[in-house]
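Spelled out from the first residue to the last, the chains are:
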Amino acid sequence: MNVLLLSMPDSFEHMPPVAIRMPNGALTSLAGNLDPHHHVAAADLILVRDRVLDTVEQLLRQHMPDVVGLSVMTFQRRTALRLIGHIRQRLPHVRVVVGGYDPSLAPEAYASPGTGVDVIVRGEGDLTFRELVRSLERGASPASIHGLSWRTAAGRVVANPDRAVSRLRQGELALPKRSARVFSGYTMLGRPVDVVETSRGCTFDCSFCSIIEMRGRNFHTFDIARVLADIADAKAHGARAIFMVDDNITLDVKRFQALCQAIIDAGLNDLDYLVQGMTSAIAQHGATLAPLMRRAGFRYVFLGIENVLAEDLAFLRARAKNLRREGGRPVGNAALEAVEHLHRNGMFVVGGLIVGNPEDTRAAIDANLTFARQYVDWPYIQHPTPYPRTPMTRDFVERNLDVSDRLEEYDGTTAVVRTAHLEAEEVEFMRWRAERWMKVRHMPAAFRHDPWFVARNARQMFVHTFRGSTWRTWAGLEDEREAFARYKILRRQEREYVPAPAAPVSAVA
């Protein structure tokens, strides 16, 4: 069968495509776990954001797919549904499959025949999608495939039982098939970049996180030999930087240390590595872990600081993973110690903070922004966002604090909830005004590591960071809120990747 896999073009504000264009690792994992006789094309639409519809139409003509699969996050739902409408108009009988966080946690959003969706893959898709394609090839019913919701001939959606999460045992999942990609140009500050996962899952229950709702509280790891093979394959396909996309790689620090040493021993430490980590683990083990990470090639660490105020950590249910401990007893926030370990060993901190929680005052937000200015190299400051089925969503709804149902704005940096003390727009304005200068401050460090890229793209990066501002802003002839208002308009325009289809569509009967 011919299979076309698509990831959406919608991007995060903190990952501007001029500097960061990450591939969707799920697409190549799906491709790698299909039976080899199928023809699979994987297209990350982040690389063609200015010509999405024309590109997809070309891919449909070129590959004539029997199955089109779309990976979708909540803020990408509108784009995905519009795109499905256009796909249906061009190939009315193609089977349309959706998967990822949004279809898994909100399958009801794709249940109407008018969405054009035939099948919903819930949870991990590697094995579920393989079984689905096998059933389509045989013309068999998908009724026995766990992890699927599928549309009957009568148009009703049937939800099969959930699939148990993969334990990632040796040989259970094949390596990603990077050769299935139809585009090139994935970059991190000009360096070819790829993604690798070494584990899946997390045992914490942060109120803002979709992972627990997606797969439960568990943690499973790939064999280190498989991880090294995956890194080597990414390198063979041109990668010079690797983002380890694990949900929480620092849950098992001894294993992470072993992985770092294995990277060194295999001579794969000539790549730049990016990773996400817990403050508590890095604070507690940083004296030995941080030097080893640096020797292995780790350069940027996304640190889940979440918040520097204890009361906000309680709301976020993130206190346990951000505690500093001595003798097994909690003695305060671990963020500062973790940052110091990383900085002492020449790594940069991408500071993950969440501001705009229900009881946040102006002073509370300022405290977090002040911490970020002083200790964070690259800000990744977000607003609490009520994603489907998360505990946070229930809290905001019950307190009547949610202010927007425009899901395309659920990108983490658009404030869609207010606090008990501040309107949503004021929360967003405070973050926007502060973090632009934090990003500029990192430019010299980026220049030292990637001088040619920064020299060529500095102007474009600066314009992106300060879009909405004009000479009047810089001259002090207008209030910054006017620039912010223009920025909001520009941001809304940027989200229009695909026009609405001209006519309604329906799923295949």
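Read on for an overview of the structure. Source: prediction; values computed, not measured. (Residues numbered from 1 in each chain as written. Predicted model: local features only at pLDDT ≥ 70, side-chain atom pairs only at ≥ 80, totals over all residues. Heavy atoms only, no water.)

**A word on unusual backbone geometry**
Worth spelling out the cut-off: Each residue gets one of three labels from its accessible area relative to the maximum for its type: buried under 20%, exposed over 50%, partly exposed in between, using a 1.4 Å probe on protein chains only. Only DSSP runs of H or I reaching four residues or more are called helices, and only runs of E reaching two or more are called strands; each is numbered from the N terminus.
We note that leucine 189 has phi near 50°; this positive angle belongs to a residue other than glycine. A relative accessible area of 10% places leucine 189 in the buried class. Positive phi, normally seen in glycine, also occurs at glutamate 306, with a value near 70°. Residue placement: glutamate 306 occurs in strand β15 (residues 298-306). For glutamate 306, a relative accessible area of 7% puts it in the buried group.

**Points about the packing of aromatic side chains**
Quick note on the threshold: Any pair of Phe, Tyr and Trp rings, taking the six-membered ring for Trp, is counted once the centres come within 6.5 Å. Such a pair is stacked with planes under 30 degrees apart, edge-to-face with planes over 60 apart, and tilted for the rest. Note on criteria: charge over ring means Lys NZ or Arg CZ within 6 Å of the ring centre, with the direction from the centre no more than 35 degrees off the ring normal.
Taken as a whole, this structure holds 16 aromatic pairs when the rule is applied. For the pair phenylalanine 429 and phenylalanine 484, a centre-to-centre distance of 5.4 Å together with 70° between the ring planes defines the contact as edge-to-face. Separated by 55 residues along the polypeptide, phenylalanine 429 in helix α14 (residues 424-441) and phenylalanine 484 in helix α18 (residues 480-494) bring together distant segments of the chain. Phenylalanine 484 carries the same exposure label as phenylalanine 429, and that label is buried. Geometrically, the ring pair formed by tryptophan 432 and phenylalanine 484 is tilted, given 5.2 Å between the ring centres and 55° between the ring planes. Highlighted residues: tryptophan 432 in helix α14 and phenylalanine 484 in helix α18, separated in sequence by 52 residues. Classification of tryptophan 432 by relative accessible area gives buried; the value is 3%. An aromatic cluster of at least three residues, connected via ring pairs, comprises Phe429, Trp432, Phe484 and Tyr487. The lysine or arginine in question, arginine 226, covers the ring of phenylalanine 222, its NZ or CZ lying 3.9 Å from the ring centre. A cation over an aromatic ring shows up here: arginine 436 above the ring of tryptophan 432, its NZ or CZ 3.9 Å from the ring centre.

**Here we look at the sheet that holds strand β13 (residues 241-244)**
We count it as follows: Two strands qualify as a pair provided DSSP detects at least 2 bridges between them.
Spatial strand order, β2-β9-β10-β13-β14-β15-β18-β19: eight strands in an open sheet with mixed pairing. In the strand order of this sheet, the two ends are held by β2 (20-21) and β19 (378-382), each with one partner. Relative to β15, strand β14 (residues 272-277) runs parallel, the two sharing five bridges. Considered in β15, the bridge of leucine 274 is made with tyrosine 300.

**Observations concerning the environment of histidine 237**
Operational definition: Contacts: residue pairs with any heavy atoms within 4.5 Å of one another.
Looking at the element boundaries, histidine 237 is found in the loop between α7 (224-236) and β13. Distance in space between the C-alpha atoms of histidine 237 and proline 192 is 9.4 Å, their sequence separation being 45 residues. Apart from the residues within four sequence positions on either side, histidine 237 is in contact with Arg178 and Ser179.

**A closer look at the pairing of strand β3 (residues 39-44)**
Across the six residues that make up β3, a large majority, five, are buried. By the bridge criterion, six bridges tie strand β1 (residues 2-7) to β3 in an arrangement that is parallel. The residue bridging asparagine 2 from the neighbouring strand is histidine 39, located in β3.

**Let's talk about the pattern of salt bridges**
Just so we agree on the cut-off: Any Lys or Arg side-chain nitrogen found within 4 Å of a carboxyl oxygen on Asp or Glu counts as a salt bridge.
Per the counting criterion, the structure on display carries 39 salt bridges. Ionic pairing is found between glutamate 478 and arginine 486, a salt bridge with its closest N-O pair at 2.5 Å. For arginine 486, a relative accessible area of 28% corresponds to the partly exposed category. Three or more residues joined by partner-sharing salt bridges are found here, namely Arg78, Arg82, Arg406, Glu408, Glu409, Arg492 and Glu496.

Note that all results are geometric; they support no functional claim without further evidence.
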